[in-house]
Amino acid sequence: MNSNLRWTIIGSSTCIVVLLLLGARSGRAVAHDDVYGHLKVYTEVLERIKLEYVEEPDMKSVTLGAINGLLESVDPFASYLNADQYRQYEKGYDTGKAGVGLVLAKRYGYVAVVDAIPGSPADKANIITGDLIESINNVATRDMPLAYAEELLRGDAGSTINITILRLRNPEPEKITLTRTNIVLPAVIAKLMPNDVGYLHLESLAGNRVEEAKTKLADLKKQGAKYIVLDLRHCSTGDQEKGIPLANLFLDKGEIAYLEGQKTPKQDFNAKPEDDVWQGPLVVITDHATAGGSEIAAAALLDDKRAQVVGERSYGDASLRKTIQMDDGGAVILSVAKYYSPSGKAIQDGGITPSVQLAENDNTPDLDQDGNPLPGAPPKSTEDNLLKQSIELVTGKTTIAQLTNENGGLLNPADDDDSHPIVQKSPKAVKPDK
């Protein structure tokens, strides 16, 4: 682990311990719901920092760091923008500026990568889910508002931006120069594969892609598809509510999701029979970059026992966000409601855990300390392991138990072949759609 990241984590942990110790100083711990008690502790910590730290600190930076730390602790997609940042954000948000194709969140105080949009400059630079951005044009992202980082990455097409990446597969910070371009989100891919398997891949829910998926799904059915593999890997963009009609393509009844927040009344989303297109065998593929609306769809199909989900746990990003203006001219961008799966799990809190967890092949090249591919390194496997296993599962050539035993997948304890069928209509056997 990079030393800067390590010390960041250690420092954060130390602050938590200090808060707890000071909270108990008067002979009792501060109750978890005692807001004023916690504010008193926070004020005392600030005072101690100001008076007793080894050197006089920049209290503005200390306070800003505390605000961003507070937001990150409750919402990794939240931002506090001061008045200047908010004006810049408002001005540039809808101007159609070019970008580098990164979907972002906050982790460990840094800006973290949710996904690099396939085919984008970030994707071509081998930036992947989980990488941390240490700096943007030499400006540290530590305690940087997420929305401001997104604004910094945008600019004129053809212009360049320098970022520094921290990644597990390379212990040293890696400097990368990216050229901004007008990002084109991937189209829906549909094809009939051998053994009458229809393959439907969505890497975005933006625009009319769900409607396009509906058309292509119906076309696969006309071509003679008897099984469907719905691939939602790298599907992290588009309006999150688009996950509801996507799930409805495979459901004729039941709950898809519900939305609820502290001040947002519960809103239920149920399947409409007239929007159901496919009732045959179905398997869904997810990876760590599956986020947003695609998670809503995967969770519904899993919880409603309509499909098996194969692959990696999804990222965890499904909420309604609101921009709240502050008295100082700044703004807070905050999740005000979360999407819940039919079983009542908040998708943003932990993502979607597949019924069969299988790791995706690592096709990124081995890199040296400068981030360049190592000469003579053995070629990575080009076989799509998750797709292969999903096809075997949906066609009945293998079972969940076999996948679990042979590949180290983790079957959810509550699930078995009978209680969690691949096809909704026949819980004891997998029958082709006619």
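Values in this document were obtained by computation on a predicted structure and should not be read as measured data.

## Observations concerning the overall build of the chain
Right, on to step 1. Helix and strand counts for the chain stand at 12 helices and 17 strands.
Right, on to step 2. Split into buried and exposed, the 434 residues of the chain put 47% on the buried side.
Right, on to step 3. Across the chain, the fraction of contacts at a sequence separation of at least 24, relative to all contacts at a separation of at least 6, is 67%.
Right, on to step 4. A total of about 21,800 Å² of accessible surface is found on the chain, and carbon and sulfur atoms cover 52% of it.

## Quick look at the packing of aromatic side chains
Right, on to step 1. If you walk through the whole model with that rule in mind, you get 3 aromatic pairs.
Right, on to step 2. Here Phe-77 and Tyr-315 contribute two aromatic rings whose centre-to-centre distance is 6.4 Å and whose plane-to-plane angle is 65 degrees, an arrangement assigned as edge-to-face. Of this pair, Phe-77 sits in the loop between α3 (59-74) and β1 (79-81) while Tyr-315 is found in the loop between β14 (308-311) and β15 (319-325), placing the two residues 238 residues apart along the sequence. Considered together, Phe-77 and Tyr-315 belong to a single accessibility category, that of buried residues.

## Here we look at the side chain of Arg-306
Right, on to step 1. Relative to the helices and strands, Arg-306 is located in the loop between α9 (293-303) and β14.
Right, on to step 2. Salt bridges are absent for the buried Arg-306, whose nearest opposite-charge side chain, Asp-276, sits at 5.8 Å.
Right, on to step 3. Of the polar contacts made by the side chain of Arg-306, one reaches the backbone oxygen of Phe-250; its length is 2.7 Å.
Right, on to step 4. Of the polar contacts made by the side chain of Arg-306, one reaches the backbone oxygen of Gly-280; its length is 2.9 Å.

## Digging into the pattern of salt bridges
Right, on to step 1. The full count for this structure, using the stated rule, is 14 salt bridges.
Right, on to step 2. Between Arg-233 and Asp-231 there is a salt bridge whose closest N-O contact spans 2.7 Å. Each member of the pair, Arg-233 as well as Asp-231, is classed as buried.
Right, on to step 3. Asp-268 serves as the salt-bridge partner of Lys-266, at 3.9 Å between the closest nitrogen and oxygen.
Right, on to step 4. Note on Asp-268: relative accessible area 42%, which makes it partly exposed.
Right, on to step 5. Because the salt bridges share partners, they merge into one network encompassing Glu-44, Arg-48 and Glu-52.

## Some points on the confidence of the model for the chain
Right, on to step 1. On average, residues of the chain score 83 in pLDDT, and 79% of them are at 70 or above.
Right, on to step 2. With pLDDT under 50 throughout, residues 1-14 is counted as low confidence; its partners more than four residues away or in other chains account for 15 contacts.
Right, on to step 3. Scored below 50 in pLDDT, residues 375-379 makes 1 contact in the model with residues more than four places away or belonging to other chains.

## Things to note about the packing of helix α2 (residues 35-52) against α3
Right, on to step 1. Relative orientation of the contacting elements α2 and α3 amounts to 150 degrees, with a least axis distance of 11 Å. Between α2 and α3 the crossing geometry is right-handed. Between α2, through Tyr-42, Leu-46, Ile-49 and Lys-50, and α3, the contact on the second element is made entirely by Met-59, Val-62, Thr-63 and Ala-66.
Right, on to step 2. Counted by class, the contact of α2 with α3 contains 6 nonpolar, 1 polar and 1 charged residues.

The rules behind these values
Residues numbered from 1 in each chain as written. Predicted model: local features only at pLDDT ≥ 70, side-chain atom pairs only at ≥ 80, totals over all residues. Heavy atoms only, no water. Helix = DSSP H or I, 4+ residues; strand = E, 2+ residues; numbered from the N terminus. Buried < 20%, exposed > 50% of the residue type's maximum accessible area, 1.4 Å probe, protein only. Contact = heavy atoms within 4.5 Å. Areas by Shrake-Rupley, 256 points an atom, 1.4 Å probe, with all protein chains shown as cover. Phe/Tyr/Trp six-rings, centres within 6.5 Å; stacked < 30°, edge-to-face > 60°. Lys, Arg positive; Asp, Glu negative; His and termini not counted. Salt bridge = Lys/Arg side-chain N within 4 Å of Asp/Glu carboxyl O. Polar contact = N/O pair within 3.5 Å; in protein donor to acceptor, adjacent residues only side chain to side chain. pLDDT = per-residue confidence, 0-100. Axes fitted to C-alpha atoms, helices over the stretch in contact; angles between N-to-C directions. Left-handed = near helix turned anticlockwise from the far one by under 90°. Nonpolar A, V, L, I, M, F, W, Y, C, P; charged D, E, K, R; others polar.

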